[in-house]
Amino acid sequence: MGGRPSSPLDKQQRQHLRGQVDTLMRNFLPCYRGQLAASILRQISRELGPQEPAGSQLLRSKKLPRVREHRGPLTQLRGHPPRWQPIFCVLRGDGRLEWFSHKEEYENGGHPLGSTALTGYTLLTSQREYLRLLDALCSDSLEDHTQEEPDSLLEVPVSFPLFLQHPFRRHLCFSAATREAQHAWRLALQGGIRLRGTVLQRSQAPAARAFLDAVRLYRQHQGHFGDDDVTLGSDAEVLTAVLMREQLPALRAQTLPGLRGSGGGIRALGFPSHDCRLNSLPLLDAVHAAVLAGASAGLCAFQPEKDELLASLEKTIRPDVDQLLRQRARVAGRLRTDIRGPLESCLHREVDPQLPRVVQTLLRTMEASLEAVRTLLAQGMDRLSRRLRQSPSGTQLRREVYSFGEMPWDLALMQTCYREAERSHGRLGQLAAPFGFLGMQSLVFGAQDLAQQLMADAVATFLQLADQCLTMALNCDQAAQRLERVRGRVLKKFKSDGGLAQRRFIRGWGLCIFLPFVLSQLEPSCKKELPEFEGDVLAMGSQALTTEGIYEDVIRGCLLQRIDRELKKTLGANDVSCTLDGCLEVPWEQEGADEETEAEREGGTCPRQPGSGAQIQPLCPPPSRGTFRS
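- By the naming in an unreviewed UniProt entry, the protein is Niban apoptosis regulator 3, taken from Rhinopithecus bieti.

Below, the structure is given as structure tokens:
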């Protein structure tokens with residue numbers, strides 16, 4: 001499984017795929033254009049609307065999450081005939097995995113034997129679990145496995161395996177030499193998979209939000225209402241996953257018949273005959289590559305139009321934003337009256353019985369994760385305070401400051417927080433599955449991203465405030481006392497921001513679970529009422545407003561009212577603001593990320609946070625202004 005063999009697609013198949021991609025782009029881009037306009041209107045209304053009474057208290061970290069590079073020797077199942085061969089593996093900062101024949105080849109700038117972006121992969125470190133997954137992928141062919149030879153290389157015990165499985169790409173089978181090396185690679189690969197997957201979700205750009213909304217709308221038009229993990233990855237990777245899911249039944253119909261009693265074809269992939277379970281992967285891999293290339297080309301061709309459209313929308317919407325929002329509110333009021341009966345009946349019958357358990361499970365997930373972050377943060381600040389008392393100007397203090405700044409990006413350290421986000425995967429998945437929600441990986445990644453961002457913000461705030469309050473006139477004890485006060489302030493700010501982030505998380509993912517389901521339930525009855533509103537919406541003369549968009553906003557608002565009510569029961573009325581982002585009275589989400597924070601008010605600009613390659617400035621005894629700045 002090293003270098004790629006020649007493509008199994010013939011000319012006619014490649015032309016067919018190009019036609020499929022062209023059709024996808026032709027149907028998707030109108031949705032995207034409309035959502036770009038809606039996203040610009042949302043952004044402008046947020047800028048001009050009332051701000052949250054309790055905004056972010058922590059300084060926003062300027063250091064963006066990035067995959068931490070990792071490299072080292074592994075063995076890989078590859079070649080013809082297949083065998084375990086030594087390689088040198090490199091995980092790049094952009095989330096690409098490369099493997100070379102040996103370390104010198106990498107150091108000399110040679111070409112890798114193979115490479116792959118980690119988007120969409122699942123990492124397994126249990127050989128038994130991986131073999132079970134293969135059987136599940138091809139369960140229809142299990143009856144023929146008894147006729148196969150029993151000496152599969154995959155079933156020869158591997159001490160420290162690392163299996164990377166992808167629904168549309170060829171699998172990668174690695175093995176580490178020691179348990180410690182396997183653990184290090186597991187953390188690095190999991191981090192790469194997560195950060196590569198959530199690039200759009202983490203973006204604050206209106207175009208990113210518009211793209212995700214357009215994908216959801218496009219899929220609803222295709223009859224798919226449940227959320228899943230298809231939106232993990234870049235824009236081209238997301239569109240590729242959408243089309244691959246549409247084509248998967250036909251592809252499986254082509255490949256599964258060949259699995260029965262046939263094992264020889266798998267040798268071309270690098271697996272012995274017994275593992276005919278993977279026989280469909282060469283075709284799927286080739287189809288995925290062709291679709292990805294086509295989607296990338298289509299989006300690249302659309303980019304100039306998108307840039308021009310965004311600039312034009314900003315100029316045309318901003319002067320008329322007040323009028324547009326008033327007209328939108330009038331149509332929304334009429335729509336709300338027309339669909340109130342069916343909507344309330346659906347919510348009462350389907351959503352209300354399960355909502356308390358879903359909200360409580362989401363709440364427990366975030367509470368445990370944030371408590372783990374708080375514990376690590378407090379321990380890190382305590383270590384700095386102790387080091388300051390012991391050695392205010394020594395090398396150890398400089399190292400401690402650097403280590404503290406690296407905490408958000410320390411994979412082993414943050415694993416405690418990430419693990420808490422994974423614990424409710426099974427329970428929450430069971431609660432959400434009846435509503436068609438299959439996006440548990442996205443939800444877990446979202447919780448982990450949130451934990452990392454809050455840790456980064458808290459670390460940046462502590463370093464800023466500590467640097468401001470320490471002067472040359474202080475002795476060690478006085479400096480440590482001031483640092484203790486900074487510690488208390490940061491923990492207080494963290495509690496405030498953590499509570500706000502927790503509520504946003506619950507409301508956002510509550511919508512992801514319930515909104516598509518409610519829309520699907522109301523589709524036969526309420527959707528037919530929309531054409532009578534088309535005239536009023538078209539009269540507004542703006543592509544930022546559509547009848548379907550206002551209809552969804554009305555349903556979203558009703559759902560959020562119920563989620564807020566449940567949050568108030570659980571957290572207490574004083575902890576839930578009625579003006580939080582997304583309430584029906586507020587057109588769209590109110591983001592607090594750009595508000596002025598206390599750290600900025602007290603000390604001006606934000607220093608660059610310590611990260612990979614950051615230089616720690618020399619410290620002078622006693623600690624002076626600049627000691628805690630990287």
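Anyway, onward from the coordinates.
## Some thoughts on the overall build of the protein
And then number 1: Within the protein one finds 18 helices and seven strands.
And then number 2: Across the 630 residues in the protein, those meeting the buried criterion constitute 53%.
And then number 3: Intrachain contacts of the protein at a sequence separation of at least 6 include 78% that bridge at least 24 residues.

## Considering the pattern of salt bridges
And then number 1: Summed over all chains, the structure comprises 29 salt bridges.
And then number 2: Its salt-bridge partner being Lys-103, residue Glu-107 comes within 3.9 Å of it at the nearest N-O pair. A residue pair is termed a helical-turn pair when its members lie 3 or 4 positions apart in one helix, as Glu-107 and Lys-103 do in helix α2 (residues 103–107) at four residues.
And then number 3: Through salt bridges that share partners, Arg-216, Arg-328, Glu-552, Asp-553 and Arg-556 make up one connected network.

## A look at the nonpolar core
And then number 1: Core analysis: the largest hydrophobic core is formed by 137 residues, its most contacted members being Tyr-32, Leu-377, Phe-462 and Val-518.
And then number 2: Of all the elements, helix α15 (residues 476–526) adds the most residues to this core, at 19 residues.
And then number 3: Domain assignment of the residues forming this core places at least three in each of domain 1 (9–47 + 284–317) and domain 3 (346–569).
And then number 4: Excluding residues that lie within four positions of it along the chain, Phe-462 makes contacts with Met-381, Leu-384, Phe-404, Leu-483, Val-486, Arg-487 and Val-490.
And then number 5: Leu-74, Leu-118, Leu-164 and Ala-188 belong to the second largest nonpolar core, which has 25 residues in total.

## What about the sheet that holds strand β5 (residues 122–124)?
Two pairing modes exist for strands in a sheet, parallel and antiparallel, and in both the strands are linked by backbone hydrogen bonds.
And then number 1: Taken together, the seven strands give an open sheet; going across it, the order is β4-β3-β2-β1-β7-β6-β5, and neighbouring strands pair in antiparallel fashion. At either end of the open sheet lies a strand with only one pairing partner, and these are β4 (114–117) and β5. In this sheet, adjacent strand axes meet at a mean angle of 30° when their direction is disregarded.
And then number 2: Taken together, the three bridges between β5 and strand β6 (residues 161–165) define a ladder with antiparallel strand orientation. Residue pairing for β6: Thr-122 is matched across the bridge by Gln-165.

## Some thoughts on the environment of Arg-336
And then number 1: By secondary structure assignment, the location of Arg-336 is in helix α9 (residues 321–351).
And then number 2: The spatial distance from the C-alpha of Arg-336 to the C-alpha of Cys-558 is 9.3 Å, given a sequence separation of 222 residues.

## Digging into the environment of Trp-99
And then number 1: By the element assignment, Trp-99 lies in strand β3 (residues 96–100).
And then number 2: Look at Trp-99 and you get buried, because its relative accessible area is 2%.
And then number 3: As a C-alpha pair, Trp-99 and Pro-73 span 26 residues in sequence and 9.2 Å in three-dimensional space.

## Things to note about the packing of helix α4 (residues 179–197) against helix α14 (residues 440–469)
And then number 1: Between α4 and α14, whose axes approach to 10 Å, the crossing angle comes to 95°. It follows that α4 is roughly perpendicular to α14 by the angle criterion. Only Phe-445, Gln-448, Asp-449 and Gln-452 of α14 make contact with α4, whose side of the interface consists of Ile-193, Arg-194 and Leu-195.
And then number 2: Partitioning the contact of α4 with α14 into residue classes produces three nonpolar, two polar and two charged.

## Some words on the side chain of Gln-453
And then number 1: Note that Gln-453 resides in helix α14.
And then number 2: Among the polar contacts made by the side chain of Gln-453, one reaches the side chain of Asp-457 at a distance of 2.8 Å.
And then number 3: When sequence neighbours within four positions are dropped, the list of residues in contact with Gln-453 reads Arg-60 and Ser-61.

## Re the environment of Glu-180
And then number 1: Structurally, Glu-180 can be placed in helix α4.
And then number 2: For Glu-180 and Phe-160, which are 20 residues apart along the polypeptide, the C-alpha to C-alpha distance reads 9.3 Å.

## Some points on the packing of aromatic side chains
And then number 1: Scanning the model with the defined rule gives 14 aromatic pairs in all.
And then number 2: Judged by centre distance (5.4 Å) and plane angle (70°), the ring pair of Phe-28 and Phe-211 falls under edge-to-face. Within this pair, whereas Phe-28 is found in helix α1 (residues 11–48), its partner Phe-211 is found in helix α6 (residues 206–221), the two being separated by 183 residues in sequence.
And then number 3: Given a relative accessible area of 1%, Phe-211 falls into the buried group.
And then number 4: Note on Phe-435 and Phe-517: the rings are 5.0 Å apart at their centroids and 85° apart in plane angle, and the pair reads as edge-to-face. Within this pair, whereas Phe-435 is found in the loop between α13 (425–432) and α14, its partner Phe-517 is found in helix α15, the two being separated by 82 residues in sequence.
And then number 5: The rings of Phe-28, Tyr-32, Phe-211, Tyr-218 and Phe-302 are connected pair by pair, giving a single aromatic cluster.
And then number 6: The ring of Tyr-418 carries the charged tip of Arg-194 above its face, separated from the ring centre by 4.6 Å.

## Describing the packing of α1 against α6
And then number 1: Following both chains from N to C, one finds α1 and α6 inclined at 135°, their axes separated by 7 Å at the closest point. For the element pair α1 / α6, the angle class is oblique. Viewed along their axes, α1 and α6 form a crossing whose handedness is right-handed. Contacts between α1 and α6 pair Leu-24, Asn-27, Phe-28, Cys-31, Tyr-32, Gln-35, Leu-36, Ser-39, Ile-40, Arg-42 and Gln-43 from the former with Pro-206, Ala-207, Arg-209, Ala-210, Phe-211, Asp-213, Ala-214, Val-215, Leu-217, Tyr-218 and His-221 from the latter.
And then number 2: Of the residues contributing to the contact of α1 with α6, the split by class is 14 nonpolar, five polar and three charged.

## What to know about the confidence of the model for the protein
And then number 1: Chain-level statistics for the protein give a pLDDT mean of 82 and a share of 80% at 70 or above.
And then number 2: Confidence over residues 1–5 falls short of pLDDT 50; this stretch has 22 contacts with residues more than four positions distant or in other chains.

The rules behind each value
- Residues numbered from 1 in each chain as written.
- Predicted model: local features only at pLDDT ≥ 70, side-chain atom pairs only at ≥ 80, totals over all residues.
- Heavy atoms only, no water.
- Helix = DSSP H or I, 4+ residues; strand = E, 2+ residues; numbered from the N terminus.
- Buried < 20%, exposed > 50% of the residue type's maximum accessible area, 1.4 Å probe, protein only.
- Contact = heavy atoms within 4.5 Å.
- Salt bridge = Lys/Arg side-chain N within 4 Å of Asp/Glu carboxyl O.
- Core = buried A, V, L, I, M, F, W, Y, C linked by side-chain atoms within 4.5 Å.
- Domains from an automatic or database assignment.
- Pairing = 2+ DSSP bridges.
- Axes fitted to C-alpha atoms, helices over the stretch in contact; angles between N-to-C directions.
- Parallel < 35°, antiparallel > 145°, perpendicular 65-115°, else oblique.
- Nonpolar A, V, L, I, M, F, W, Y, C, P; charged D, E, K, R; others polar.
- Polar contact = N/O pair within 3.5 Å; in protein donor to acceptor, adjacent residues only side chain to side chain.
- Phe/Tyr/Trp six-rings, centres within 6.5 Å; stacked < 30°, edge-to-face > 60°.
- Lys NZ or Arg CZ within 6 Å of the ring centre and 35° of its normal.
- Left-handed = near helix turned anticlockwise from the far one by under 90°.
- pLDDT = per-residue confidence, 0-100.

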